[in-house]
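This is what each chain is made of:
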Amino acid sequence: AVVSTQSTGTIRTDNACLEEDHSSMGTDCLNHLYQNYHDLVPGWQRCEDYNFTVTDDYGKRYCKFLYTDRCDDDSLSENKKNKGCCRSVHCHGYLKGLFA
């Protein structure tokens with residue numbers, strides 16, 4: 001699959017999005033991963049199934065502790081990787097105006 005960046009017209013692949021840190025990712029990839037992680041990583045459930053909520057202190061509390069490396073940390077269970085990675089994408093997306 002490809003991801004189209006509306007602002008620049010750039011076409012990116014799933015792999016390009018998967019290899020980028022969430023904190024520096026554009027909204028195109030953040031939204032794409034949030035909607036499709038379960039298709040890109042075998043055995044993962046949909047990010048939206050976690051029902052993350054957005055509050056005023058959401059970004060202050062969580063984003064500074066969330067990093068992309070949680071997505072493939074071998075010391076974590078698949079469920080913790082899945083949930084942590086989805087939370088990170090949701091959080092960084094929220095800070096950039098998605099999921100408001």
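Refer to the structure presented above.
Residues numbered from 1 in each chain as written. Predicted model: local features only at pLDDT ≥ 70, side-chain atom pairs only at ≥ 80, totals over all residues. Heavy atoms only, no water.

Once that is clear, we can look at the packing of aromatic side chains. Under the criterion given, the structure shown has 3 aromatic pairs. With 4.6 Å between their ring centres and 50 degrees between their planes, Tyr34 and Phe99 make a pair best called tilted. One end of the pair, Tyr34, is in helix α2 (residues 27–40); the other, Phe99, is in the segment after α4 (78–95), and 65 residues separate them in sequence. Ring centres 5.7 Å apart and planes at 20 degrees place the aromatic pair Tyr50 and Phe52 in the stacked group. (Phe/Tyr/Trp six-rings, centres within 6.5 Å; stacked < 30°, edge-to-face > 60°. Helix = DSSP H or I, 4+ residues; strand = E, 2+ residues; numbered from the N terminus.)

So, about the state of the cysteines. Taken as a whole and judged by the stated rule, the model has 3 disulfides. Across a sulfur-sulfur distance of 2.0 Å, Cys17 and Cys29 are joined as a disulfide pair. Given an S-S torsion of about -70 degrees, the disulfide between Cys17 and Cys29 has left-handed geometry. Residue Cys17 is located in helix α1 (residues 14–18), and its partner Cys29 is located in helix α2; the two are separated by 12 residues in the primary sequence. Here Cys71 connects covalently by a disulfide to Cys85, the sulfurs 1.9 Å from one another. Across the S-S bond of Cys71 and Cys85 the torsion is about 85 degrees, and the bridge reads as right-handed. Taken as a pair, Cys71 in the loop between α3 (58–62) and α4 and Cys85 in helix α4 lie far apart in primary sequence, 14 residues in all. (Disulfide = S-S within 2.5 Å.)

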